[in-house]
Amino acid sequence: MRQTLHVHFKLMHLKSFKSIPAPCPHLLPAALLASLCFTAAAEPQLSSWYTGQSGKYARIFTSKENEAAGITSTTWSRGQGNQTSPTYAGVHEVHHDAGWIYIRTSGLGFHVMGPWYLNAAKTRDFPSFPGNTATTYRIPRTPSAFSGDTTTGFGPIGYFVDGVALFDATDTFSYINSRGSDGSPQGGGRGDGVWNRDAYVNEGVTFDAANAHQAMNLHHYHANAPAIRHLLGDNVDYDAGANVYSENFNGDHSPILGWVSDGHPIYGPYAYSDPDDPASPVRRMASGYQKRDGSNASTNLNVTGRTTLPQWANRLQGRTTTLASNRYGPNVSTAYILGHYLEDYAYMGDLGLSQGSDFDLNEYNGRLCRTPEFPDGVWAYFTTIETDGTPLFPYNIGRNFYGTPTGGNTNNIPATATRSFIGGPSKQHSARDTDRGNGVLTLTWDTVEGASYQVQQGADLQNWTEGGDEFTATAITQTTSDTPSPATQPTQFYRLKRTGIANYDDSGFDNQFEGGGGNNGGGGGGDNFVATFTGPPLPPADVIQELRIGNPGIPAVLLSIDSRTQLTISFDATALPPGNHAVYVIFTPPGRPQLTLTSTNRFSP
């Protein structure tokens, strides 16, 4: 499927020009109009996702040497992170229905990620690079009511608005009393689960400049996320030459940084000093936690040793605060500094201090307040930091969820859900700016990196010359130029036509231009189509009982099974009605009921 976006610039006697925006309905199939031509209502759950750089390749620094030289890579391989082809960064689809927000994301940030090392000297490589996780994640559309009884688990507990996973404060390992050491990734088990290691303290050396690293290939944040904060304008400066982020408070309320699986937003560190008064000064939110160092009448673990748990552990997780000796933790030392474990912290509300006067955020690391996005009020989590931006416990979310975490990974987005955004390889190109000097007209276009385009021109909106400039976009903003003749072209219109796209890792993407994804240089078209699936692997060809495109659709012929998740079909496209059509593979696994697999991408005649 080829699509052309008409963006016209009318030259009036070569002395002035103006843009004439084209009406979307004349250019795109009806099924795409809602997602590509209109924006959804200004609902924070839909509008807060960062899409400003959609269509950009994900990039990393593979080493400190490349970081110093400013050399980035769009392909890489280490451990579980293998990108043999470029892929696109961030959230590339947003859908919603009455109950849920659905996002599709590669899991990779828009900023340059990396490098990653296991030691401060940066002489030992971190074992894995990140990779495209092709994740579909859902979040409750309405924040859930307070429950407070569910402890955060391992893996993603939500997503930041740049499409990078949110992990909690622990690195999933804890102290093993019988061995006198921590569990660790290098062996020795997970641990007793009583004294749980703080990820920032124990793994911070492996974080990149944006405070992120990988679990296998799953890129994620545990703490303050300065890269997305910088992109959102949240009080963070960035030195690209040094790849360094620095805190710079500008007085503005922080934006929404992400969404937790209980439906509640996470804001950056700055909010109204009075939670009920948007006119009150904005300041950094004060964490409700402190180290158990004897201050404010807290237990001094330096003196007593790790023989008791804080009261919040009893209240949130049902653990007794007084421990049996076989559940003691190690004494505080240089090897096990105070703050090594989550349980080294006390909630100040348990020490007689008061939320709202002595600190801002409760034991879940949030508060009920008014925000720019929720002027009537919302319960929200907040990122906690020191003045200089250093992450501060509990970082983003307390040990338990405030609400009920019903969201999470999902295999499918319901066909009845409404798509409010599509980007990545499906980003619609458009005109950004024009400039005319010395008789040369320069046009600046928003494009998809790796896509090829042709600039067409004509004296009216009916007849177009297809011999204009052709280019392959090397960034998401490209410029072209023309020197029109006043004698032969007193009025001139320009439009951009996308003609193809370079190979890319299309796992999880739905390419609305070429229809079949990127690995086939434009995928299927006409009577052939490359269909991509997620979930159970495709069955062998001789097991497939029925293969069709569309619903109820028409029969299709299997040309090849290209991988466990991709096949190529042939069919009579003229028999299909207008619209977007999935491919359906129907078969009966041994000893199980009949199963239907539905492609994640769609064909449009």
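Keep in mind the model is a prediction, meaning the values are calculated, not measured. Along each chain, residues carry numbers from 1 onward, in the same order as the chain's sequence is written. The predicted origin of the model limits local features to residues at a pLDDT of at least 70 and limits the giving and counting of side-chain atom pairs to 80 or more, whereas totals for whole chains, interfaces and linings rest on all residues. With hydrogens and water excluded, all non-hydrogen atoms of the structure serve as input to the side-chain values.

Considering empty space enclosed by the protein
The distinction between a cavity and a pocket rests on a 1 Å grid over the protein atoms alone: a 1.4 Å probe fits inside a cavity but cannot get out, while a pocket stays open yet meets protein on both sides within 12 Å along at least five of seven lines, and a residue with an atom within 4 Å of a point counts as lining. Grid points are joined across faces, edges and corners, and a volume is the space filled by probe spheres set on the points. All told, the structure shown has one cavity of 30 Å³ or more when counted by the stated rule. Estimated volume of the largest cavity: approximately 70 Å³. Around the largest cavity, the lining residues are Thr152, Asp168, Ala169, Thr170, Tyr289, Trp312, Leu342, Phe393, Pro394, Ile397, Gly398 and Arg399. Grouping the amino acids of the lining of the largest cavity by side-chain chemistry returns seven nonpolar, three polar and two charged. By the convention adopted, Pro, Cys, Tyr, Trp, Phe, Met, Ile, Leu, Val and Ala count as nonpolar, Lys, Arg, Asp and Glu as charged, and the other residues, Gly among them, as polar.

A word on the layout of surface pockets
Quantified by volume, the largest pocket comes out at close to 810 Å³. If you trace the largest pocket, you find 35 residues lining it, with Ile413, Pro414, Ala415, Ala582 and Arg602 closest to the centre. Of all the elements in the fold, those that place two or more residues in the lining of the largest pocket are helix H1 (30-37), strand E6 (91-96), strand E27 (418-422) and strand E40 (595-598). Here the residues of the lining of the largest pocket sort into 13 nonpolar, 17 polar and five charged. Of the volumes computed, that of the second largest pocket is approximately 670 Å³. Runs of E in the DSSP output that reach at least two residues are strands. Runs of H or I that reach at least four are helices, and both are numbered from the N terminus.

Description of the sheet that holds strand E13 (residues 196-198)
Here, a strand pair is defined by DSSP locating no fewer than two bridges between the strands. Pairing in this open sheet of three strands is antiparallel, and the strands run E12-E11-E13 from one edge to the other. Single-partner strands in this sheet number two, and they are strand E12 (181-182) and E13. For strand E11 (residues 170-176) and E13, the ladder comprises two bridges, and the chain directions are antiparallel. Looking across to E13, one finds that Ser174 is bridged to Asn196.

Here we look at unusual backbone geometry
With an omega of -5°, the peptide bond between Gly114 and Pro115 qualifies as cis. Summarising the element assignment, Pro115 is placed in the loop between strand E7 (100-105) and strand E8 (135-140). The phi angle at Asn235 is positive, at roughly 60°, despite the residue not being glycine. With respect to the secondary-structure elements, Asn235 resides in the loop between helix H5 (226-231) and strand E16 (236-239).

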